[in-house]
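These are the residues of each chain, in order.
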Amino acid sequence: MNRIHNPYRSARYVISAHQLKQLPADSGYEVAFAGRSNAGKSSAINTLTEQKSLARTSKTPGRTQQIVIFDLDEERRIADLPGYGYAKVPEKLRAHWQKVLQRYFEERECLRGVVLVMDIRHPMKPFDQQMLAWCSAIGLPCHVLMTKADKLKRGPAQAALHKVRRALPEGASAQVFSASNREGMDALIRQLNEWYAMPATG
Ligand code: GDP
């Protein structure tokens, strides 16, 4: 298959920030990846960057409560937000992170968009809806990545996509994706290129 150029292969790990003040300077372009624990966010980042273990995929989801930053070049970054909803995270920590993330969304000026990762078989859970409403309220574009599409046949996958699209607020979009067979890579790259204002390559 003839794929488009992938500028995300150059992603490199920068820092795991436990506090907002540890983040790189608030300039340039940042796109955040968010999602419920186990939705497939790490796998999506690894597939996007064509690096097997850049973002850690794990069987014990949600343990890492930190914002992990990868950079693509001097002015473009990916922010991997902590997975939400892992039952074993203590309530206090959860509340703490909710506040940190709220501040991140409200204050981070370089933030250009959010990729909201959902398991295509379990989309639009309360966390997802809250995130969409949040983005919509502050005018931040949100792109829903409905991943694990390989787990459904094409018909049901398309039906799930259309159902989600109908429920999206203004300024949000959605696509299907699979880390297993890379379906949806080009669509994701195109969306990110737009947000990052990627220079055209020959
Ligand atoms: P995270 O907690 O959101 O970062 O989720 P992970 O990326 O760690 O994925 C959770 C589980 O789903 C792992 O067992 C992955 O191998 C699996 N998974 C993730 N993406 C896909 C996909 O596109 N297709 C299939 N079949 N499995 C996936």
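Higher on the page you've got the structure.
On a predicted model such as this, the values are computed, not experimentally measured, just so you know. (Residues numbered from 1 in each chain as written. Predicted model: local features only at pLDDT ≥ 70, side-chain atom pairs only at ≥ 80, totals over all residues. Heavy atoms only, no water.)

1. Some thoughts on the overall build of the protein
The helix and strand tally for the protein stands at five helices and seven strands. Helices and strands appear in the protein in the N-to-C order β-β-α-β-β-α-β-α-β-α-β-α. Computed over its C-alpha atoms, the radius of gyration of the protein comes to 16 Å, within 12% of the 17 Å expected for a compact globule of 202 residues. Across its three principal axes, the protein shows a C-alpha extent of roughly 45 × 40 × 35 Å. Split into buried and exposed, the 202 residues of the protein put 49% on the buried side. In the protein, the share of contacts with a sequence separation of at least 24, taken over all contacts with a separation of at least 6, comes to 75%. Summed over all atoms, the accessible surface of the protein reaches about 10,600 Å², with 49% contributed by carbon and sulfur. In the protein, the 30 positive side-chain charges and the 19 negative ones have mean positions that sit 9 Å from each other. (Helix = DSSP H or I, 4+ residues; strand = E, 2+ residues; numbered from the N terminus. Rg over C-alpha atoms; globule rule 2.2 N^0.38 Å. Buried < 20%, exposed > 50% of the residue type's maximum accessible area, 1.4 Å probe, protein only. Contact = heavy atoms within 4.5 Å. Areas by Shrake-Rupley, 256 points an atom, 1.4 Å probe, with all protein chains shown as cover. Lys, Arg positive; Asp, Glu negative; His and termini not counted. Charge placed at Lys NZ, Arg CZ, Asp CG, Glu CD.)

2. Some words on the side chain of Thr-147
For Thr-147, the location among the structural elements is in strand E6 (residues 142-147). Excluding residues that lie within four positions of it along the chain, Thr-147 makes contacts with Ala-39, Gly-40, Val-117, Met-118, Asp-119, Ile-120, Phe-177, Ser-178 and Ala-179.

3. Remarks on helix H1 (residues 41-49)
Three- or four-residue spacings in an α-helix give side chains the same orientation, since the helix completes a turn every 3.6 residues. The buried count for H1 comes to eight of nine residues, which makes it a mostly enclosed element. The complete set of buried residues in H1 reads Lys-41, Ser-42, Ala-44, Ile-45, Asn-46, Thr-47, Leu-48 and Thr-49. Contacts from the buried residues of H1 go to strand E2 (29-35), strand E3 (67-73), strand E4 (76-80), strand E5 (111-119), E6 and helix H5 (185-195). Immediately downstream of H1, the backbone of Glu-50 shows phi near 55°, a positive value.

4. As for the nonpolar core
In terms of nonpolar packing, the biggest core is built from 37 residues, with Ile-67, Leu-81, Tyr-104, Phe-105, Leu-116, Leu-132 and Val-144 touching the most fellow members. Excluding residues that lie within four positions of it along the chain, Ile-67 makes contacts with Ile-15, Ser-16, Ala-17, Leu-20, Leu-23, Ala-79, Asp-80, Leu-81, Pro-82, Trp-97, Leu-101 and Tyr-104. Counting 26 residues, the second-largest nonpolar core is a separate cluster that includes Ala-44, Val-68, Met-185 and Trp-195. (Core = buried A, V, L, I, M, F, W, Y, C linked by side-chain atoms within 4.5 Å.)

5. Details of the site of the ligand
The ligand sits among 18 residues. The nearest are Asn-38, Ser-42, Ser-43, Asp-150 and Ala-179. Measuring from an oxygen atom of the ligand, one finds a side-chain N or O atom of Lys-148 at 3.0 Å. In the model, a nitrogen atom of the ligand is placed 3.0 Å from a nitrogen or oxygen of the Ser-180 side chain. The protein chains hide 81% of the 570 Å² of surface that the ligand would expose on its own. Ranked by the residues each element gives to the shell around the ligand, the list is headed by H1, at three residues. (Near = heavy atom within 4 Å. Polar contact = N/O pair within 3.5 Å; in protein donor to acceptor, adjacent residues only side chain to side chain.)

6. Comments concerning the state of the cysteines
Taken as a whole and assessed by the stated rule, the structure comprises zero disulfides. Free of any disulfide, Cys-110 has its nearest neighbouring cysteine sulfur in Cys-135, separated by 14 Å. The thiol of Cys-142 is not disulfide-bonded; the next cysteine sulfur, from Cys-135, is found 4.3 Å away. According to the relative accessible area criterion, Cys-142 is buried, its value standing at 2%. (Disulfide = S-S within 2.5 Å.)

7. Details of the environment of Ile-69
The topology assignment puts Ile-69 in strand E3. Considering only alpha carbons, one finds Ile-69 and Asp-80, 11 residues apart in sequence, at a separation of 6.3 Å. Residues within four places of Ile-69 in sequence aside, it is in contact with Arg-12, Tyr-13, Val-14, Ile-15, Leu-23, Pro-24, Glu-30, Arg-77, Ile-78 and Ala-79.

8. Here's the deal with the sheet that holds E5
One open sheet holds the seven strands; their spatial order is E1-E3-E4-E2-E5-E6-E7, and the pairing between them is mixed. One side of each edge strand has no neighbouring strand; the edge strands of this open sheet are strand E1 (12-17) and strand E7 (172-176). Geometrically, the sheet is characterised by an average inter-axis angle of 25° between neighbouring strands, direction not taken into account. Sheet analysis places E2 next to E4, joined by five bridges and oriented parallel. By the bridge assignment, Glu-30 is partnered in E4 with Arg-77. Against the sheet, helix H3 (residues 126-138) makes contact with E2, E5, E6 and E7, and its axis sits at roughly 160° relative to E5, the strand it touches most. In the packing of H5 onto the sheet, contacts are made with E2, E5, E6 and E7, and the angle to E5 comes to roughly 160°. (Pairing = 2+ DSSP bridges. Axes fitted to C-alpha atoms, helices over the stretch in contact; angles between N-to-C directions.)

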